[in-house]
Amino acid sequence: MKLLVIGAGNMGLTYAEAMSKSKLLKKRNIMILDSSDEKIESLNKISHFDVFKDPKDCVPQADLIFLAVKPFHADELFGKMAPIVTKGQIVISLMAGVTIKHIQDALDLAKVVRTMPNLPAKVGKGLTSYTASEEVSRIELLTIENLLNTTGKSIQVKNENFIDASTGISGSGPAYVFYFMQSMMEAALQMGFSENVSKVLVSQTFTGAVDLFNQDDISPNRWMELVASKGGTTRAALDSMDDNNVNELIKEAAFAAFNRAIELGKDK
Ligand SMILES: NC(=O)C1=CN([C@@H]2O[C@H](COP(=O)(O)OP(=O)(O)OC[C@H]3O[C@@H](n4cnc5c(N)ncnc54)[C@H](OP(=O)(O)O)[C@@H]3O)[C@@H](O)[C@H]2O)C=CC1
Ligand SMILES: O=C(O)[C@@H]1CCC=N1
């Protein structure tokens, strides 16, 4: 099985690196295509992948084609791919918004898997949601799921609406967590801690809270109660968040990402 990743950016390289460790693939069976000379030059120096600039040199050889370019580059890319793809090839899109139907129409191909990955894939803790066109067989989907799992966990969702929804939760979600971390870092610095100590305070707090959340079947609300003593410090903080409607604002933000994913798909 030969695999091609198009777009050697954040996501493309992360997935290529992770999938290269899969038992399903032999060495040198991952090709990478990118349009930037700079990236190709540096990848040729440091990576063990076969790197290409011209789609004609790699697209026809691939069984699975991962699309990891930005959504606004999709149509330009499809224009180059359409004349050289063949019916049996499976396209796996990592792009936000771009719909299965749009990819099928643009490439005149039936087998398309649409995914929504997230950045923690870089450290093997990613979450990829995916759904596929009915032409992708169960066996093919199992192979793809195995490859996606090299970056962390994957979940199959019912339809593309849930891909857009998971974009609002897990796809964009790491940025919400970083937002929260940034605010806590700023507060720690204002309280007089050094940058290094602030980072340890914030990092260990997040790691510990996530580990607790994963350990037991206890809701975040219940965990909040376990931290907050009556009339104590945590209650003061949580009341301040409630007074400022932070809960609603976070949900609103998640829906903004969900809606933006739908919007991106409207012309795609
Ligand atoms: N970053 C994230 O956390 C997440 C990203 N995604 C999705 O992943 C996709 C990739 O995002 P990300 O990795 O951040 O983007 P990057 O910009 O880091 O990477 C995209 C790469 O594709 C290259 N490229 C552009 N056009 C072409 C082309 N026609 N042929 C070959 N290569 C091309 C770009 O080159 P150049 O720089 O020269 O344009 C760049 O190297 C997006 O569609 C995004 O929606 C999904 C979930 C999370
Ligand atoms: O911001 C974006 O559009 C992409 C999709 C999810 C995360 N990053």
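These figures come from a predicted structure and were not determined experimentally. (Residues numbered from 1 in each chain as written. Chains lettered and ligands numbered in written order. Predicted model: local features only at pLDDT ≥ 70, side-chain atom pairs only at ≥ 80, totals over all residues.)

The subject of this paragraph is the site of ligand 1. Neighbouring ligand 1 are 27 residues, the closest being Gly 7, Gly 9, Ser 36, Met 95 and Ala 96. The residue makeup of the shell around ligand 1, split by class, is 14 nonpolar, nine polar and four charged. (Near = placed C-beta within 6 Å. Nonpolar A, V, L, I, M, F, W, Y, C, P; charged D, E, K, R; others polar.)

With that out of the way, let us pick up helix α8 (residues 195–215). The first and last C-alpha atoms of α8 sit 30 Å apart over 21 residues, in line with the 30 Å expected at 1.5 Å per residue. Little of α8 sits out of view: just one of its 21 residues are buried. (Helix = DSSP H or I, 4+ residues; strand = E, 2+ residues; numbered from the N terminus. Expected span 1.5 Å × (residues − 1). Buried ≥ 20, exposed ≤ 12 C-beta atoms within 10 Å, placed from the backbone.)

Let us now look at the domain arrangement of the protein chain. Domain assignment breaks the protein chain into domain 1 (3–157) and domain 2 (173–264). When each unit is reduced to the centre of its C-alpha atoms, the spacing between domain 1 and domain 2 is 33 Å. Taken together, the residues that form the side of domain 1 that touches domain 2 break down as four nonpolar, two polar and no charged. (Domains from an automatic or database assignment.)

Moving on, we get to the site of ligand 2. Around ligand 2 sit Ala 96, Thr 167, Gly 171 and Ser 172, and those are all the residues in its vicinity. Looking at the shell around ligand 2 residue by residue, the class counts come to one nonpolar, three polar and no charged.

The next point concerns the nonpolar core. Across soluble globular proteins, you tend to see nonpolar side chains buried next to one another. Formed by 52 residues in total, the largest nonpolar core has its most connected members in Leu 4, Val 5, Ile 6, Tyr 15, Ile 65 and Phe 66. Looking at this core element by element, the count peaks at six residues for helix α1 (residues 10–19). (Core = buried A, V, L, I, M, F, W, Y, C linked by C-beta atoms within 7 Å.)

Quick look at the sheet that holds strand β5 (residues 90–93) now. Spatially, β3-β2-β1-β4-β5-β6-β7-β8 is the arrangement adopted by the eight strands of the open sheet, whose pairing is mixed. At either margin of the open sheet sits one strand with a lone partner, and together these are β3 (50–52) and β8 (152–156). Strand-to-strand twist in this sheet, taken as the mean axis angle between neighbours without regard to direction, amounts to 25°. The pairing of strand β7 (residues 126–132) with β8 spans five bridges and is parallel. (Pairing = 2+ DSSP bridges. Axes fitted to C-alpha atoms, helices over the stretch in contact; angles between N-to-C directions.)

Our next topic: the pairing of β7. Side-chain direction in a regular strand flips from residue to residue, so the side chains alternate between the two faces of the sheet. Counting buried residues along β7, seven of its seven residues qualify, which places the element largely inside the surrounding structure. The side-chain alternation of β7 yields two buried faces, one formed by Gly 126, Thr 128, Tyr 130 and Ala 132 and the other by Leu 127, Ser 129 and Thr 131. Pairing geometry for strand β6 (residues 112–116) and β7, over four bridges, is antiparallel. Counted as the bridge partner of Val 113 is Ala 132 from β7. One crossover worth recording links β7 to the parallel β8 by way of helix α5 (residues 138–148), and it is right-handed. (Right-handed = clockwise from strand over helix to strand, strands pointing away.)

The subject of this paragraph is the packing of helix α6 (residues 160–171) against helix α11 (residues 246–266). Direction vectors running N to C along α6 and α11 enclose 140°, while the axes themselves pass 7 Å from each other. It follows that α6 is oblique to α11 by the angle criterion. Pair α6 / α11 crosses with right-handed handedness. For the pair α6 and α11, the contacting residues are Asp 164, Ala 165, Thr 167, Gly 168 and Ile 169 in the first and Ala 254, Phe 255, Ala 257, Phe 258, Ala 261, Ile 262 and Gly 265 in the second. (Parallel < 35°, antiparallel > 145°, perpendicular 65-115°, else oblique. Left-handed = near helix turned anticlockwise from the far one by under 90°. Contact = placed C-beta atoms within 7 Å.)

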